[in-house]
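Examination of the molecular architecture
Letter by letter, the chains look like this.
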Amino acid sequence: MATDPLDPTIGIVVFPNAEELDFVGPWEAFSMAKRAHRGGAESPDPAAPAPDLGVHLVAQTRDVVRCAKGLRVVPDCAFEDAPPLDVVLVPGGIGTRREVGNEALLAWLREVAPRCTWVTSVCTGSLVLAGAGLARGRRVTTHWAFVPTLRERYPDTTVLDGVRYVRDGNLVTAAGVSAGIDMALWVVGQIWGVAHARLAQRMMEYDPAPPYTADV
């Protein structure tokens, strides 16, 4: 764990065909919150490199990862050299159907999860947590379209429908895609307090008002 509970080290897992917003949304929420905690000032030099805020993309290797919609990302670290984590997040995406059988990932999650303050997922990332045995006997959620499948595959896990995120102990799982932002901001509130979560939300201009909601 990080030595400062108010400056946690956060690891966000990426893998081929991970859903982009599942991890980029929480990345933004956590990074914005950490920047605000450290003072919030932008660098006076626009050419200066981005600061290391202790939010890391973690993958099986450091090779470029191509995500579900084609976005390519470069992991910061591999499983073998990832720093000690306080928060771990597993995104969803079609790639989870393969990753649930990836013993390297499952073994790494089993190793790091007991040392984390928060173990989290977005969308079908809960499938991977269940595959690692981390959701057994717990309440979780996932993308609405995957709820029946997750219930069938893991009858020892209670899968809730119609919720944005679910907290059971230190396990926090979010429904599909954009729900990961809500979940990450909730975790921010648990780390730094509700007022800080609201500040991060405001800094992100995150005030959902989906178009076409009045259409019938």
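Residues numbered from 1 in each chain as written. Predicted model: local features only at pLDDT ≥ 70, side-chain atom pairs only at ≥ 80, totals over all residues. Heavy atoms only, no water.

**A look at the pairing of strand E7 (residues 118-122)**
Across the five residues that make up E7, a large majority, five, are buried. Going residue by residue along E7, you find Trp-118, Thr-120 and Val-122 tucked away on one face and Val-119 and Ser-121 tucked away on the opposite face as well. Summarising the sheet, strand E6 (residues 87-90) and E7 pair through four bridges and their orientation is parallel. Each residue of the ladder has a partner; that of Val-90, found in E7, is Ser-121. Of the pairings in the sheet, the one linking E7 to strand E11 (residues 171-174) comprises four bridges and is parallel in character. The residue bridging Val-122 from the neighbouring strand is Ala-174, located in E11. (Buried < 20%, exposed > 50% of the residue type's maximum accessible area, 1.4 Å probe, protein only. Helix = DSSP H or I, 4+ residues; strand = E, 2+ residues; numbered from the N terminus. Pairing = 2+ DSSP bridges.)

**Quick notes on the sheet that holds E7**
The strand order E5-E2-E1-E6-E7-E11-E10 describes an open sheet built from seven strands, whose pairing is mixed. Because the sheet does not close on itself, it has two edges, and the strands there are strand E5 (77-78) and strand E10 (165-168). Relative to E6, strand E1 (residues 10-13) runs parallel, the two being bridged by three bridges. Along E6, the bridge assignment pairs Ile-10 with Val-87.

**Some details on the packing of aromatic side chains**
Across all of its chains, the model carries three aromatic pairs by this definition. Aromatic pair Phe-79 and Trp-108: ring centres 4.8 Å apart, planes at 15 degrees, arrangement stacked. Of this pair, Phe-79 sits in the loop between E5 and E6 while Trp-108 sits in helix H3 (residues 103-112), and the two are 29 residues apart along the sequence. When its relative accessible area of 13% is taken as the criterion, Phe-79 is described as buried. With a centroid separation of 5.5 Å and 80 degrees between ring planes, the pair formed by Trp-118 and Trp-186 is classed as edge-to-face. In this pair, Trp-118 sits in strand E7 while Trp-186 sits in helix H6 (residues 179-192), placing the two residues 68 residues apart along the sequence. What makes Trp-118 buried here is its relative accessible area of 8%. Each residue in the set Trp-118, Tyr-165 and Trp-186 is aromatic and connected to the rest through ring pairs, giving one cluster. (Phe/Tyr/Trp six-rings, centres within 6.5 Å; stacked < 30°, edge-to-face > 60°.)

**Overview of the environment of Val-65**
With respect to the secondary-structure elements, Val-65 resides in strand E3 (residues 65-66). When its relative accessible area of 6% is taken as the criterion, Val-65 is described as buried. Put simply, Val-65 and Phe-15 are 50 residues apart on the chain and 6.1 Å apart in space, counted from C-alpha to C-alpha. With residues up to four places along the chain from it excluded, the contact list for Val-65 reads Val-14, Phe-15, Pro-16, Ala-59, Leu-71, Arg-72, Val-73 and Pro-75. (Contact = heavy atoms within 4.5 Å.)

**Focus: helix H1 (residues 20-37)**
With 18 residues, H1 ought to run about 26 Å at 1.5 Å a step, and its terminal C-alpha atoms sit 26 Å apart, in line with that. Counted residue by residue, H1 has 13 buried out of 18 residues, so it is predominantly covered. Of the residues one or two after H1, Gly-39 is the one with positive phi, at around 130 degrees. (Expected span 1.5 Å × (residues − 1).)

**A word on H3**
Note that an α-helix has 3.6 residues per turn; residues three or four places apart therefore point the same way. Among all positions in H3, only Leu-105, Leu-106, Trp-108, Leu-109 and Val-112 are buried. Each buried residue of H3 sits inside an arc of 160 degrees when the element is viewed along its axis, so together they form one side. Looking at the packing, one finds that the buried side of H3 touches E1, strand E2 (55-59), E6, helix H2 (96-99) and helix H4 (125-131). Of the residues that open H3, the one with a side-chain oxygen 3.1 Å from the backbone nitrogen of Ala-104 is Asn-102. (Arc of directions from axis to C-beta. Polar contact = N/O pair within 3.5 Å; in protein donor to acceptor, adjacent residues only side chain to side chain.)

**Some points on the packing of H1 against helix H7 (residues 194-203)**
Contact pair H1 / H7: the axes reach a minimum separation of 9 Å and the direction vectors enclose 115 degrees. By the angle class used here, H1 and H7 are roughly perpendicular. Once H1 is placed against H7, the crossing between them reads as right-handed. Across from Met-32, Ala-33, Ala-36 and His-37 in H1, the residues of H7 making contact are His-196, Leu-199, Ala-200 and Met-203. (Axes fitted to C-alpha atoms, helices over the stretch in contact; angles between N-to-C directions. Parallel < 35°, antiparallel > 145°, perpendicular 65-115°, else oblique. Left-handed = near helix turned anticlockwise from the far one by under 90°.)

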